[in-house]
Amino acid sequence: MHFLITAGPTREPLDPVRFLSNRSSGRMGYALAEAALAAGHAVTLVSGPVALPVPAGANRVRIETAREMFEAVRDAIGGCDVAIFCAAVADYRPVATAEHKLKKSGDRLVLELEPTEDILGSARSVFGFRGYLVGFAAETERLVEHAQGKLMRKGCDLMIANDVARPGIGFDSDENEVILCLPGGSTRALPRQSKKDLARELVAFIASAA
Ligand code: CTP
């Protein structure tokens, strides 16, 4: 099968030297890419800026902004059987990017932001993707309830929920502990484990369900 995987953060520029971003390391997405390749699948990895080597055999497409990730996914998803959206995409970007470095003044600075494209939310409705669609839901409260809502709204086959308020798992950590949320409301909790081991388990689950 051909897997499309998004990974890492996006960067939304304020001026030539500054951007809005987040703490995503890309480790979960890259571990998924490695696990899919090891299981014999083809992988297109659409990745924001991360400090990780390209998994051998992956077709890595590098992007910086949410708009660039949207375009790269739009161009690649048609040829894929499975799409896993693991990237921590910025929900907002500055309305304007200054051409020159913003100068400091004594006054308060107010940033005006606008929504970015919802890439996962576009998979079915805009890109017409008919394969197996997987999202991640990073939540700090009412984990399963919020994840089930996202699963339904975005037309996913699987939503992988993790509690990012807990230290040591999820964002910028080596380990993760997730709950699989499926259409119809059923859930399955996977134990805390390294992102590499979890990725292997997730790829096996997804490949058998897809
Ligand atoms: N996602 C995406 N494009 C965005 C925002 C999120 O593709 N602009 C994807 C993420 O990769 C993830 C899923 O959507 O697989 C859920 O991301 P999350 O930030 O938890 O959900 P949001 O819909 O942005 O909801 P909220 O921030 O309100 O919790």
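Calculation rules
- Residues numbered from 1 in each chain as written.
- Predicted model: local features only at pLDDT ≥ 70, side-chain atom pairs only at ≥ 80, totals over all residues.
- Heavy atoms only, no water.
- Pairing = 2+ DSSP bridges.
- Helix = DSSP H or I, 4+ residues; strand = E, 2+ residues; numbered from the N terminus.
- Axes fitted to C-alpha atoms, helices over the stretch in contact; angles between N-to-C directions.
- Contact = heavy atoms within 4.5 Å.
- Salt bridge = Lys/Arg side-chain N within 4 Å of Asp/Glu carboxyl O.
- Buried < 20%, exposed > 50% of the residue type's maximum accessible area, 1.4 Å probe, protein only.

## Here's the deal with the sheet that holds strand E1 (residues 2-7)
- Strand order in this open sheet of 8 strands is E5-E4-E1-E6-E9-E10-E12-E13, and the pairing throughout is mixed. On the outer flanks of this sheet lie strand E5 (59-62) and strand E13 (187-189), each paired with one strand and no other. On average, adjacent strands in this sheet sit at an angle of 15 degrees to one another, irrespective of strand direction.
- The pairing of strand E4 (residues 42-47) with E5 spans 4 bridges and is parallel. Bridging across to E5, serine 47 finds its partner in arginine 62.
- Strands in contact with helix H4 (residues 143-153) are strand E9 (132-139), strand E10 (158-163), strand E12 (179-181) and E13; relative to E10, the strand with the most contacts, it is inclined by about 150 degrees.
- Running at roughly 140 degrees to E9, helix H5 (residues 195-209) makes contact with E1, strand E6 (82-85), E9, E10, E12 and E13 of the sheet.

## So, the pattern of salt bridges
- In this structure the tally under the stated criterion is 15 salt bridges.
- For arginine 27, the salt bridge goes to aspartate 174, with nearest N and O atoms at 2.6 Å. You can see arginine 27 sitting in helix H1 (residues 27-38) and its partner aspartate 174 sitting in the loop between E10 and strand E11 (175-176), a full 147 residues away along the chain.
- Given a relative accessible area of 53%, aspartate 174 falls into the exposed group.
- A salt bridge links aspartate 157 to arginine 124; its shortest N-O distance comes to 2.9 Å.

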